[in-house]
Protein chains: 4
Amino acid sequence: MIVVMEPGAGEEQVQAVVDRIKAAGLNTHISVGVSRTVIGVVGDDRTKHVLRESLERTPGVERVVAILQPFKLVSREFIPLDTTVAVGPAAVGGARIAVMAGPCSVESREQIIAAADGVKAAGAAVLRGGAFKPRTSPYSFQGLEEEGLRLLAEARERTGLPVVTEAMDASQVELVARYADVVQIGARNMQNYVLLREAGRAKRPVLLKRGPSATLEELLLAAEYILNEGNYQVMLCERGIRGFNGHTRYTLDLSAVPVLKRLTHLPVVVDPSHGTGKWRYVAPMALAAVAAGADGLLIEVHPDPANALSDGPQSLSVENFAALMASLRPVAAAIGREL
Amino acid sequence: MIVVMEPGAGEEQVQAVVDRIKAAGLNTHISVGVSRTVIGVVGDDRTKHVLRESLERTPGVERVVAILQPFKLVSREFIPLDTTVAVGPAAVGGARIAVMAGPCSVESREQIIAAADGVKAAGAAVLRGGAFKPRTSPYSFQGLEEEGLRLLAEARERTGLPVVTEAMDASQVELVARYADVVQIGARNMQNYVLLREAGRAKRPVLLKRGPSATLEELLLAAEYILNEGNYQVMLCERGIRGFNGHTRYTLDLSAVPVLKRLTHLPVVVDPSHGTGKWRYVAPMALAAVAAGADGLLIEVHPDPANALSDGPQSLSVENFAALMASLRPVAAAIGREL
Amino acid sequence: MIVVMEPGAGEEQVQAVVDRIKAAGLNTHISVGVSRTVIGVVGDDRTKHVLRESLERTPGVERVVAILQPFKLVSREFIPLDTTVAVGPAAVGGARIAVMAGPCSVESREQIIAAADGVKAAGAAVLRGGAFKPRTSPYSFQGLEEEGLRLLAEARERTGLPVVTEAMDASQVELVARYADVVQIGARNMQNYVLLREAGRAKRPVLLKRGPSATLEELLLAAEYILNEGNYQVMLCERGIRGFNGHTRYTLDLSAVPVLKRLTHLPVVVDPSHGTGKWRYVAPMALAAVAAGADGLLIEVHPDPANALSDGPQSLSVENFAALMASLRPVAAAIGREL
Amino acid sequence: MIVVMEPGAGEEQVQAVVDRIKAAGLNTHISVGVSRTVIGVVGDDRTKHVLRESLERTPGVERVVAILQPFKLVSREFIPLDTTVAVGPAAVGGARIAVMAGPCSVESREQIIAAADGVKAAGAAVLRGGAFKPRTSPYSFQGLEEEGLRLLAEARERTGLPVVTEAMDASQVELVARYADVVQIGARNMQNYVLLREAGRAKRPVLLKRGPSATLEELLLAAEYILNEGNYQVMLCERGIRGFNGHTRYTLDLSAVPVLKRLTHLPVVVDPSHGTGKWRYVAPMALAAVAAGADGLLIEVHPDPANALSDGPQSLSVENFAALMASLRPVAAAIGREL
């Protein structure tokens with residue numbers, strides 16, 4: 001349920017509405033737009049029902065609207081303005097497109113420093129890198145774990161780049177949040193609800209990746225679990241859905257970008273590295289994602305892709321990444337944004 | 001790597017091979033067939049390599065074979081004979097097809113007792129029911145949690161039916177294993193590797209459901225995580241993959257049954273309730289699953305489907321379940337099995 | 001629109017309703033059930049609208065019902081009873097399950113005669129074989145064309161088995177119908193509407209295969225094109241949909257069987273050979289199809305699969321086909337049908 | 001098989017190779033690059049084999065290479081340079097991106113003239129419009145047929161825009177080619193091989209749409225049917241594949257663009273109107289397609305989308321199309337192309 005204030009409603013009128021909502025045991029989320037304020041009402045649906053009539057009669061209230069979508073807090077109806085997620089000194093969801101780049105896995109001090117220096121020099125806004133690695137086979141390299149987190153933090157000290165890295169389990173969230181600037185939830189864990197809830201209680205922004213067979217409604221409801229715990233700093237990430245086409249590893253569903261931007265206020269990020277699985281197709285799909293309206297990109301960059309311990313075939317070299325950044329800038333400018 | 005013994009090899013020859021493997025710091029898994037014994041070698045691949053030549057020269061050894069599949073312990077090459085999983089007094093993977101039935105969620109004492117009595121009377125071998133419920137929306141009923149586990153245990157006391165129920169997170173495995181006979185890992189958690197590892201350390205059989213966009217190789221590698229921790233009592237469950245056809249909720253991929261039976265020694269169970277999402281199609285698909293060679297069925301039965309707190313539309317009433325059991329028996333007999 | 005007569009309505013009352021419908025320039029399709037008669041009204045929707053009120057007042061009429069589905073003539077509402085399609089001496093859609101077997105392509109006189117003799121001896125009801133072959137590559141064997149039709153006709157003379165074979169284009173329908181007993185429309189042509197219309201004007205039953213990405217509604221609407229031209233002798237065939245699982249060529253969607261049986265009166269046939277693409281999985285999926293309620297099977301059998309000019313890997317040898325027939329009989333009996 | 005000439009090979013050396021190939025009863029396709037010439041050899045594979053050794057010894061020949069892909073004539077190996085398809089005064093496949101716009105169906109003289117004037121004014125290069133319409137239901141509007149073709153020709157006279165329109169059946173190709181500049185083959189007919197062959201014999205360029213479940217290899221082999229009849233003027237069109245996401249009608253697979261550009265020399269066009277099924281998402285996906293490297297766009301524009309006889313929900317108004325063209329220009333410029 002949202003309360004739409006009249007265009008000229010004053011601050012004290014907004015406050016009176018908020019007080020009335022809180023008195024009923026509910027919470028609020030306030031969106032201040034250019035012309036008017038919208039107050040989202042958070043809490044038990046039955047209480048809302050009772051409160052509704054009283055709110056409609058409160059001065060300054062134009063109308064009270066029920067949210068019909070199954071997802072509430074993440075919906076554009078609930079928060080009409082774009083959410084901007086602060087990631088260290090960067091912001092995701094505004095005019096500037098945030099490029100998050102780095103290796104699939106942190107492998108060594110040398111590797112992560114080389115990668116961080118390289119992506120920083122090329123203009124990345126955020127450093128990505130995996131310390132806990134979800135791997136299809138138990139016999140594959142599983143990540144450096146806490147040592148990897150420490151190396152990421154060291155790379156941040158050196159470059160100033162904020163860090164995004166994955167937590168694979170609720171029990172890892174606190175640890176990851178201690179070292180990283182953004183907690184990533186991977187595609188395989190998109191519906192790991194215990195993990196989602198824990199991320200909702202973390203004091204860090206969350207990057208939530210879409211599962212390979214998740215509908216957009218399922219993705220939004222997964223994000224709803226996080227917001228429902230009080231954490232509104234969530235980014236959604238399209239990273240390819242399961243398809244039948246052998247030429248790419250997944251089918252990158254770029255139409256998810258405009259559809260999500262319409263349904264939700266949360267920023268939308270695209271991962272063309274996992275989405276295609278081949279470095280050769282990363283650049284065209286990154287350009288396409290920006291043209292489609294993505295707020296950020298997640299790109300795998302490795303100082304030596306041929307010898308990467310994971311995802312080498314889809315990683316760009318530092319040189320190729322720099323070339324991609326150069327080609328992204330005019331496309332971003334062409335749609336009125338910047339990198 | 002497996003060691004295939006000669007048809008006439010004696011027990012002491014087998015023991016000599018085992019001793020040699022253990023001396024190299026590796027472990028073994030022994031399959032005794034009618035005509036010969038096969039010894040699976042478990043452990044570090046590099047050590048195996050060194051050991052191989054010496055094993056090939058050991059008396060009684062016919063040949064040593066590397067396993068080329070990415071999955072090892074779950075493969076038919078590693079264990080040629082069908083694995084039988086003991087579930088309380090029942091067994092899954094032998095001539096008798098195990099029907100596991102019960103409500104989606106445990107909702108109340110009355111409900112689970114009525115369901116347990118009903119499915120027992122109709123001939124079910126195992127009682128299913130959810131205490132921890134993974135739900136797409138945070139606003140849906142999330143299960144009775146430990147109280148639900150207690151009620152399931154009570155229903156077992158009453159009916160003698162062993163119980164299968166889901167653990168949604170590694171932290172819940174120990175609790176679930178305390179009350180239940182089988183720990184279920186749901187489709188959304190098929191690649192939750194922290195959970196898989198914890199289930200591999202549990203002293204309970206595991207029912208692992210296929211994710212809706214998982215390939216069979218991914219399913220087998222997920223099972224490999226469990227076996228790799230030492231727990232070989234694993235059942236695989238086909239429950240429908242994501243499709244484009246609006247008439248069913250998922251597309252039940254019954255060809256997974258013969259393909260899995262060929263690739264792995266683990267028993268294969270089919271869940272036609274989730275696979276179709278509509279009670280009307282549960283019976284024909286259950287019959288088809290048995291005809292295709294499934295070792296078990298997982299079927300949602302609710303004493304009052306119209307008022308179920310979850311998955312009502314796909315639940316059979318107790319009466320319909322009894323009718324299904326009656327129609328399953330001749331089909332099982334027709335392929336040389338029984339219920 | 002259908003007119004449901006009262007249980008006791010007499011023949012002359014039915015005739016009066018039919019006369020009234022024909023007087024309005026529309027046509028009828030009469031279904032005589034055990035307890036009552038249902039009259040389907042075929043023709044322009046606007047005329048129906050006008051006629052409706054008058055029909056509702058006609059003696060013996062219980063009610064007049066609009067058909068809400070987008071497909072009309074193929075729907076169960078329009079014809080409540082199962083349609084039986086006569087294929088030479090065989091019938092598809094009754095208690096007896098029709099097995100249609102033979103090679104993918106007619107390759108030579110020797111080959112088709114050996115196949116026909118083999119499948120006849122094993123109990124097949126219909127001989128299948130391609131003369132015009134739709135092949136993915138222009139460089140693959142494209143079929144013997146009219147010579148292939150002649151050989152099929154010769155095999156029919158010899159064995160008494162009616163023949164089903166594909167027409168790839170509207171221009172071939174007349175020729176195929178001259179030689180064959182059933183005109184097959186392949187999966188790639190399911191939405192070739194010029195071909196569908198031509199098949200609707202043929203004096204032969206039609207076997208319509210589902211396209212690999214067709215929804216069941218699209219399949220039913222494709223069949224509607226045929227019925228709409230006056231040919232009600234149509235069989236639908238599930239032959240696998242596009243999936244992501246590399247272990248089979250397509251994903252055989254057996255849930256299509258009960259869903260279609262509910263939505264339409266037309267018989268439903270399953271093709272496990274194309275559906276799996278591997279001979280090894282044909283038998284279990286054939287058994288499953290029968291258990292799920294299929295009215296017929298379409299199975300590729302080749303006297304020498306290893307040297308087949310097309311689809312060898314999915315073809316059964318004559319011996320394996322005979323073994324399959326033997327295993328199908330008890331399953332058919334178990335569900336109250338026969339082969 | 002291709003013959004790669006040495007960098008300095010002279011014209012007479014090329015001619016000698018061609019003569020030798022023709023003497024063997026085979027044909028050639030010559031690609032003259034900046035630094036060297038490549039001669040594709042067309043014809044029977046066994047003859048090629050014999051010829052190979054002799055060609056390798058011919059002066060000026062650097063090497064003879066077999067084409068390993070299942071598709072030959074369409075492959076980049078066979079013709080290394082981009083093919084440019086001439087469409088009236090326009091060209092598809094060069095630096096200029098060709099926008100083909102117009103209504104789904106030609107409905108009336110007024111409608112097609114208004115659409116043609118509108119898209120011409122906004123800068124479209126080609127007029128699209130359907131005269132023969134493949135419709136899922138036999139009860140939907142099926143197109144004006146030859147009258148529609150006449151109206152399209154009239155719109156061309158008036159605006160100078162060349163016309164692309166669909167032939168649904170081999171029997172329509174000659175008629176369509178008489179009126180139109182490009183013969184379109186629709187997604188449902190992508191594997192209608194009789195139609196593909198007939199289009200291969202037409203003296204018009206062909207626009208071939210990808211079927212909704214076709215792999216890129218199947219699309220390329222379908223194009224191979226056309227080239228194999230001698231018509232090399234073929235454009236490929238991505239128009240969305242079957243997916244599971246209800247928010248768009250199909251899943252537009254933009255990664256097909258860079259993959260196809262790598263595998264084939266043929267130009268690649270994207271249809272974001274069918275690909276999304278909703279006018280609201282046409283503009284972002286059109287921008288993304290251009291950024292991904294598409295050589296052309298196919299866009300549905302209707303003077304009055306709300307009253308369109310087909311595909312209204314996915315059609316842009318003339319005003320929205322003009323706005324899209326304005327936003328496309330800077331994106332095209334950003335990647336070094338123009339509209």
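The rules behind the values
Per chain, residues are indexed from 1 in the order of the written sequence. Chains carry letters from A onward and ligands carry numbers from 1 onward, assigned in written order. Since the coordinates come from a predicted model, pLDDT governs what is reported: local features require at least 70, and pairs of side-chain atoms require 80 or more to be given and counted, while whole-chain, interface and lining totals use all residues. Helix and strand definitions follow DSSP, with helices as H or I runs of at least four residues and strands as E runs of at least two, each counted in order from the N terminus. C-beta atoms are first placed from the backbone for all residues, and any pair lying within 7 Å is then listed as a contact. Residue burial is a threshold on neighbouring C-beta atoms within 10 Å of the residue's own C-beta, all placed from the backbone, with 20 or more meaning buried, 12 or fewer meaning exposed, and counts in between meaning partly exposed. Working definition: the arc comes from the directions between the helix axis and the C-beta atoms, pointing outward to the latter. Copies overlap after least-squares fitting; the atoms used are the C-alpha atoms of residues with pLDDT of at least 70 in both. Lys, Arg, Asp and Glu make up the charged group, whereas Ala, Val, Leu, Ile, Met, Phe, Trp, Tyr, Cys and Pro make up the nonpolar group; the residues left over, Gly among them, are polar. Think of it this way: DSSP has to see at least two bridges between two strands before they count as a pair. Note on definitions: angles span 0 to 180 degrees between N-to-C directions of axes, and those axes are lines fitted to C-alpha atoms, for helices only across the stretch in contact. Each domain span listed reflects an automatic or database assignment of domains. Angle categories are assigned with fixed cut-offs, so that under 35 degrees is roughly parallel, over 145 is roughly antiparallel, 65 to 115 is roughly perpendicular, and the rest are oblique. Crossing handedness is defined as follows: a turn of the near helix away from the far one that is anticlockwise and smaller than a right angle gives a left-handed crossing, while the clockwise case is right-handed.

A.B. asks: Can you walk me through the overall build of chain A in this structure?
C.D. replies: Across its full length, chain A holds 11 helices and 14 strands. Its C-alpha atoms put chain A at 65 × 45 × 40 Å along the principal axes. By sequence separation, contacts in chain A at least 24 residues apart represent 66% of the contacts at least 6 residues apart.

A.B. asks: What is the right way to read helix H5 (residues 170–179) of chain B from this model?
C.D. replies: For an α-helix, the turn length of 3.6 residues means that residues three or four places apart are oriented alike. Taken residue by residue, H5(B) has B:Ala170, B:Gln172, B:Val173, B:Val176 and B:Ala177 as its buried positions. Each buried residue of H5(B) lies within a common arc of 135° when the element is viewed along its axis, so the set occupies one face. The inward-facing, buried residues of H5(B) contact helix H5 (170–179) of chain A together with helix H4 (146–159), strand S9 (163–166), strand S10 (182–185) and helix H6 (193–201) of chain B.

A.B. asks: What's the story with the relation of the copies chain D and chain A in this structure? I'm lost.
C.D. replies: The operation relating the pair of chain copies consists of a rotation about an axis and a translation along that axis. With an axial shift of 0.0 Å and an RMSD of 0.1 Å, the rotation relating chain D to chain A amounts to 180°. Considering both components of the superposition, the chain copies are consistent with a two-fold axis. Measuring from the rotation axis to each C-alpha of chain D, the shortest distance belongs to D:Ala288, at 2.0 Å. Here 100% of the contact residues of chain D are again contact residues in chain A; the copies associate through an equivalent surface.

A.B. asks: What is the right way to look at the interface of chain D and chain A in this model?
C.D. replies: Listed as interface residues are 33 residues of chain D and, on the opposing side, 33 residues of chain A. Of all elements in the fold, only helix H8 (256–263), helix H10 (282–292) and helix H11 (318–334) of chain D reach the threshold of two or more residues within the side of chain D that touches chain A. A total of seven residues in the side of chain D that touches chain A trace back to one element, the largest contributor, which is H10(D). Split into classes, the residues belonging to the side of chain D that touches chain A amount to 21 nonpolar, 11 polar and one charged.

A.B. asks: Hey, could you run me through the interface of chain C and chain B in this one?
C.D. replies: For an interface, size is often stated in terms of accessible area lost upon the parts coming together. At the interface, 33 residues of chain C touch 33 residues of chain B. Broken down by secondary-structure element, the contributors of at least two residues to the side of chain C that touches chain B are helix H8 (256–263), helix H10 (282–292) and helix H11 (318–334) of chain C. Here the side of chain C that touches chain B gets seven residues from one element, more than from any other, and that element is H10(C). Of the residues assigned to the side of chain C that touches chain B, the class counts are 21 nonpolar, 11 polar and one charged.

A.B. asks: Where do I start with the sheet that holds strand S4 (residues 61–65) of chain A in this structure?
C.D. replies: Pairing between the strands of a sheet comes from backbone hydrogen bonds, and it takes one of two forms, parallel or antiparallel. Residue and element names in this part refer to chain A. Pairing in this open sheet of four strands is antiparallel, and the strands run S2-S3-S1-S4 from one edge to the other. Looking at which strands have only one partner, the edges of the open sheet turn out to be strand S2 (27–32) and S4. Between one strand axis and the next, the sheet turns through 20° on average, direction left out of account. Across the sheet, helix H1 (residues 11–23) is in contact with strand S1 (2–5), S2, strand S3 (37–42) and S4; its angle to S3 comes to roughly 5°. In this fold helix H2 (residues 45–56) packs onto S1, S3 and S4, with an angle of close to 160° to the strand it touches most, S4.

A.B. asks: Even after reading the chapter, I still don't get the sheet that holds strand S11 (residues 206–209) of chain B, so can you show me in this structure?
C.D. replies: Residue and element names in this part refer to chain B. Ordered by their spatial adjacency, eight strands build a closed barrel running S7-S8-S9-S10-S11-S12-S13-S14, and the pairing between neighbours is parallel. For this sheet, the mean inter-axis angle between neighbouring strands, taken without regard to orientation, is 25°. As judged from the four bridges shared by S11 and strand S12 (residues 234–238), these two strands associate in the parallel manner. Paired with Lys-209 across the strands is Cys-237, a residue of S12. On the sheet, H4 packs against strand S8 (126–128) and S9 and is oriented at approximately 165° with respect to S9.

A.B. asks: Looking at this structure, I do not really get the domain arrangement of chain A. What am I missing?
C.D. replies: Segmenting chain A into domains produces domain 1 (2–65) and domain 2 (85–334). For domain 1 of chain A and domain 2 of chain A, the distance between their C-alpha centroids amounts to 36 Å.

A.B. asks: Would you mind going over the relation of the copies chain C and chain B with me for this structure?
C.D. replies: It takes a turn of 180° to lay chain C on chain B, together with a shift of 0.0 Å along the axis; the resulting RMSD is 0.0 Å. With an isologous cut-off of 70% or more, the 100% of interface residues of chain C that recur at the interface of chain B puts this contact in the isologous class.

A.B. asks: Just to check I follow, could you spell out the packing of helix H4 (residues 146–159) of chain C against helix H5 (residues 170–179) of chain C for this structure?
C.D. replies: In helix packing, the relevant descriptors are the interaxial angle and the interaxial distance, both defined with respect to the helix axes. All names here are of chain C. Across the interface, H4 lies against H5 with an axial gap of 9 Å and an inter-helix angle of 20°. In terms of orientation, H4 lies roughly parallel with respect to H5. Here the hand of the crossing between H4 and H5 comes out right-handed. Only Leu-175, Val-176 and Tyr-179 of H5 make contact with H4, whose side of the interface consists of Glu-146, Leu-149, Arg-150, Leu-152 and Ala-153. Per-class residue counts for the contact of H4 with H5 are six nonpolar, no polar and two charged.

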